[in-house]
Amino acid sequence: MRIERLSTHKFKMFLTTDDLTERGLETKEIWKDLPKVHQIFSDMILDAQEELEEELIGVLTVQIYMLQAQGLLVIVTKSEDAPGDDDFLEMKVTLDEYKELLYYFEDVEDVIQATEPLRRMGLTGGTLFKERDGYYLLLEEHEVENVNKEDLVAVLSEFGSATAMTSVWLEEYGVKITDGTAVNKFSAFF
């Protein structure tokens, strides 16, 4: 689990599918087993409290985003109006699901090496972004619907890593290198 402070009252946690498995939770259970999910997220909040060295009491707004085949992105916002009771903790949870895959590559060479196996799997699309610290390959749901997700994640993980970055952020602040044709272009030119 990675934790990153976004502001004084907000932080994000990124959990891979392996992190979830270690905690005894499968992503498909998130929609079904609410008591188990609530207990696991309470434990995660305690872990975050230790890492951030901050007491998390009061009302926490927890936004959970399921990232296809990658894990969860959890954004926690702490209410500025903490009640007088020191032991009071209330979580307001919303759950959403992203239908895209987004992977980070440290170097363009890693992207180039990943494109040939991706092309052999039948992929042709993908949008590639450059952001200050590396490259991000975005694969939309319709681009990967006929591909074995486990094989796809295995190839992407060999050359890159799952990321908590969002496509919305990249559209706003990143530089778009290719739009919907990354795998085709990179496998053709390199």
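In short, a report on the structure. (Residues numbered from 1 in each chain as written. Predicted model: local features only at pLDDT ≥ 70, side-chain atom pairs only at ≥ 80, totals over all residues. Heavy atoms only, no water.)

### Regarding the sheet that holds strand E6 (residues 100–105)
Spatially, the five strands line up as an open sheet ordered E9-E6-E8-E7-E10, and their pairing is antiparallel. Each having just a single partner strand, strand E9 (161–162) and strand E10 (175–178) make up the two edges of the open sheet. Set on the sheet, helix H5 (residues 149–159) makes contact with E6, strand E8 (134–140) and E9; between it and E6 the angle comes to about 20 degrees. (Pairing = 2+ DSSP bridges. Helix = DSSP H or I, 4+ residues; strand = E, 2+ residues; numbered from the N terminus. Contact = heavy atoms within 4.5 Å. Axes fitted to C-alpha atoms, helices over the stretch in contact; angles between N-to-C directions.)

### A few points about the packing of helix H3 (residues 108–120) against H5
The N-to-C vectors of H3 and H5 enclose an angle of 160 degrees; their axes lie 9 Å apart at closest approach. Put simply, H3 runs roughly antiparallel to H5. For the crossing formed where H3 meets H5, the hand is right-handed. From H3, Asp-110, Gln-113, Ala-114, Pro-117 and Leu-118 reach across to H5, where they touch Leu-152, Val-155, Leu-156 and Phe-159. (Parallel < 35°, antiparallel > 145°, perpendicular 65-115°, else oblique. Left-handed = near helix turned anticlockwise from the far one by under 90°.)

### What to know about the layout of surface pockets
For the largest pocket, the calculated volume is near 560 Å³. As for the largest pocket, its lining consists of 24 residues, and the residues nearest its centre are Glu-4, Lys-12, Ala-164, Met-165 and Thr-166. Here the lining of the largest pocket gets four residues from one element, more than from any other, and that element is helix H6 (residues 167–173). Split by residue class, the lining of the largest pocket holds 12 nonpolar, four polar and eight charged. (1 Å grid on protein atoms, 1.4 Å probe; cavity = no way out; pocket = protein on both sides within 12 Å on 5 of 7 lines; lining within 4 Å. Points joined across faces, edges and corners; volume = space filled by probe spheres on them. Nonpolar A, V, L, I, M, F, W, Y, C, P; charged D, E, K, R; others polar.)

### Considerations on the packing of H3 against helix H7 (residues 182–189)
Two numbers describe a pair of packed helices, the interaxial angle and the distance between the axes. The N-to-C vectors of H3 and H7 enclose an angle of 100 degrees; their axes lie 8 Å apart at closest approach. Relative to H7, H3 is oriented roughly perpendicular. Of H7, the residues touching H3 (which contributes Val-108, Val-111, Ile-112, Thr-115, Glu-116, Leu-118 and Arg-119) are Ala-182, Val-183, Phe-186 and Ser-187. By residue class, the composition of the contact of H3 with H7 is seven nonpolar, two polar and two charged.

### Observations regarding the nonpolar core
In terms of nonpolar packing, the biggest core is built from 29 residues, with Phe-105, Leu-118, Leu-123, Leu-137, Leu-139, Leu-152 and Leu-156 touching the most fellow members. Mapped onto this core, the elements with two or more residues apiece are strand E3 (58–67), strand E4 (71–78), E6, H3, E8, H5 and H7. The leading source of residues in this core is H5, at five residues. Among the nonpolar cores identified, the runner-up in size contains 22 residues, and Met-13, Leu-15, Met-44 and Ala-48 belong to it. (Core = buried A, V, L, I, M, F, W, Y, C linked by side-chain atoms within 4.5 Å. Buried < 20%, exposed > 50% of the residue type's maximum accessible area, 1.4 Å probe, protein only.)

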